[in-house]
Amino acid sequence: MPARRPKLLTLSTKESLILELLVERDELYGLQLVAASKRKLKRGTVYVTLGRMEEKGYITSRLEDAPPDMGGMPRRLYKATPLGRRVLAAWTSAAAHLIPEFAR
Amino acid sequence: MTRPGDRLRALAAHVYDAETMERLIDPVVADLQAEYAEAARAGRVWHRRWVKLAGYIALARVTTRSMRVFLTLAFVMTLLLELPALTRYGTPFVLFSLLYLAPQALVVAVPIALTLAIAWASRSARQSHRAMIGTLVSGAICSALSFVLLAWWVPPANQAFRVKWGWEAGMTYRPSPGPPEMTIGELRQQMTWATTGHANWVHVNQGELVYTYYFRLAFGCASLSLAILMLALRRRVVKRRSMVLAAVPIFLGYDVLMYFGRDYALHSGVLQAAVGAWMPNVVTVLVAAAIGMRGPRRLVAE
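On a predicted model such as this, the values are computed, not experimentally measured, just so you know.

### Some words on the environment of Arg62(A)
Right, on to step 1. With respect to the element layout, Arg62(A) can be found in strand β2 (residues 59-63).
Right, on to step 2. A C-alpha to C-alpha distance of 8.6 Å links Arg62(A) and Lys79(A), two positions 17 residues apart in sequence.

Here you go:
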């Protein structure tokens, strides 16, 4: 019986953008990601994508240390995991080989 | 003092489980409150209003994802179900047919869209009691809406279509309504007259009256949502694609049973009209119970 093929880790365009931003700036809030992406990410969908990426193990999150001075809820900060960084590196390298514009 | 998003968050907490609140809803509300507070500190009134509106839209988009999937599917399915009629009656009838046949197509499209949307939404690794109740309530609400549609909206729309089509085809008389063109009140009246030996308002088959009266299609939403929920609870790993693929034979089976129920009850006379009418729902609920009795695996305590 042939060995079962291992599950391939995938990265969507949005996920790759989020990982790029998190690798570049270490820790960000959801809204900061939207602003840093120059509106390529929408505030209505970014949290769903972040939740999915956390499930996949690409990012990790924590609640901010000190509550904001205006008494709002504690915000969630997102950070790329070592797996997320590796997947992004592999994905960028693969794209460089597969996309003709990069290969030239 | 109530901060923006607090009331909506409290409302969402009644619907969503703790993990969804922590991962999806709370970050949106926290970011909204922080941005709002910053705008308030800066004294930017219009910016503060804009932040509030944008935050509420983001919250709505996060919380209504499954509903948007359901509405899109229902819309597409309704159009697809109307296609045969549109091609049959030709271009002059397109707008007219779209309008009058939409209710009829909608009652078939809604259970299919609901089954697929539940399958699509049951991808998350955890299934909580709250999510389970939410699914069942969605099924019950869709069933109630379908019943309203079938009892009062579909019959006049069907009759209007027949009258208009007859007039366009050069018919000189107004076609009499059959059971599918009667509202629930008219059907009840017809059945009472038929059982008390009075002459019918129009000549209709007694079995067809009973079959149509039960509006079994309306209960399809509840029974189908129960079946797909039980299936989602049984699986160790729920993948969106496999759940959607599993949903297809469930609603196709339901539709096949409905077809045979009608055929055996009204044309062959093998089944009683009420039995033929209820058969798809009874079989679907029994299948759901059979799956559920093997014990839900993924239900987690909140």
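There is more to say, and it comes next.
### Remarks on the interface of chain B and chain A
Right, on to step 1. Listed by partner, the interface residues are 19 residues for chain B and 17 residues for chain A.
Right, on to step 2. Those elements that provide at least two residues to the side of chain B that touches chain A are α2 (18-41) and α3 (45-63) of chain B.
Right, on to step 3. Here the side of chain B that touches chain A is composed, by residue class, of 11 nonpolar, one polar and seven charged.

### Structural notes on unusual backbone geometry
Right, on to step 1. For Lys38(A), which is not glycine, the phi dihedral falls at a positive 55 degrees.
Right, on to step 2. Examined against the element boundaries, Lys38(A) turns out to sit in the loop between α2 (30-36) and α3 (46-56).
Right, on to step 3. Its 7 C-beta neighbours within 10 Å are what place Lys38(A) among the exposed residues.
Right, on to step 4. We note that Phe215(B) has phi near 45 degrees; this positive angle belongs to a residue other than glycine.
Right, on to step 5. Tracing the sequence through the fold places Phe215(B) in the loop between α8 (206-213) and α9 (220-234).

### Points about the sheet that holds strand β1 (residues 27-29) of chain A
Residue and element names in this part refer to chain A.
Right, on to step 1. Spatial strand order, β1-β3-β2: three strands in an open sheet with antiparallel pairing. Strands at the two margins of the open sheet, each flanked by one partner only, are β1 and β2. If you compare each strand with its neighbour and ignore which way they point, the axes differ by 35 degrees on average.
Right, on to step 2. Sheet analysis places β2 next to strand β3 (residues 76-80), joined by five bridges and oriented antiparallel. Within β3, the position partnered with Thr-60 by the bridge is Lys-79.
Right, on to step 3. Here helix α1 (residues 13-25) sits on the sheet in contact with β1, β2 and β3, set at roughly 95 degrees to β3.

### Points about the nonpolar core
All names here are of chain B.
Right, on to step 1. Core analysis: the biggest nonpolar cluster contains 40 residues, and Val-110, Ala-113, Leu-114, Leu-224 and Ile-228 have the highest contact counts within it.
Right, on to step 2. For this core, the elements supplying multiple residues, two or more each, are α4 (65-89), α5 (94-121), α6 (129-168), α9 and α10 (240-267).
Right, on to step 3. No other element matches α5, which puts 15 residues into this core.
Right, on to step 4. Not counting chain neighbours up to four residues away, the residues in contact with Ala-113 comprise Phe-70, Leu-73, Ala-74 and Met-77.

Calculation criteria
- Residues numbered from 1 in each chain as written.
- Chains lettered and ligands numbered in written order.
- Predicted model: local features only at pLDDT ≥ 70, side-chain atom pairs only at ≥ 80, totals over all residues.
- Helix = DSSP H or I, 4+ residues; strand = E, 2+ residues; numbered from the N terminus.
- Contact = placed C-beta atoms within 7 Å.
- Nonpolar A, V, L, I, M, F, W, Y, C, P; charged D, E, K, R; others polar.
- Buried ≥ 20, exposed ≤ 12 C-beta atoms within 10 Å, placed from the backbone.
- Pairing = 2+ DSSP bridges.
- Axes fitted to C-alpha atoms, helices over the stretch in contact; angles between N-to-C directions.
- Core = buried A, V, L, I, M, F, W, Y, C linked by C-beta atoms within 7 Å.

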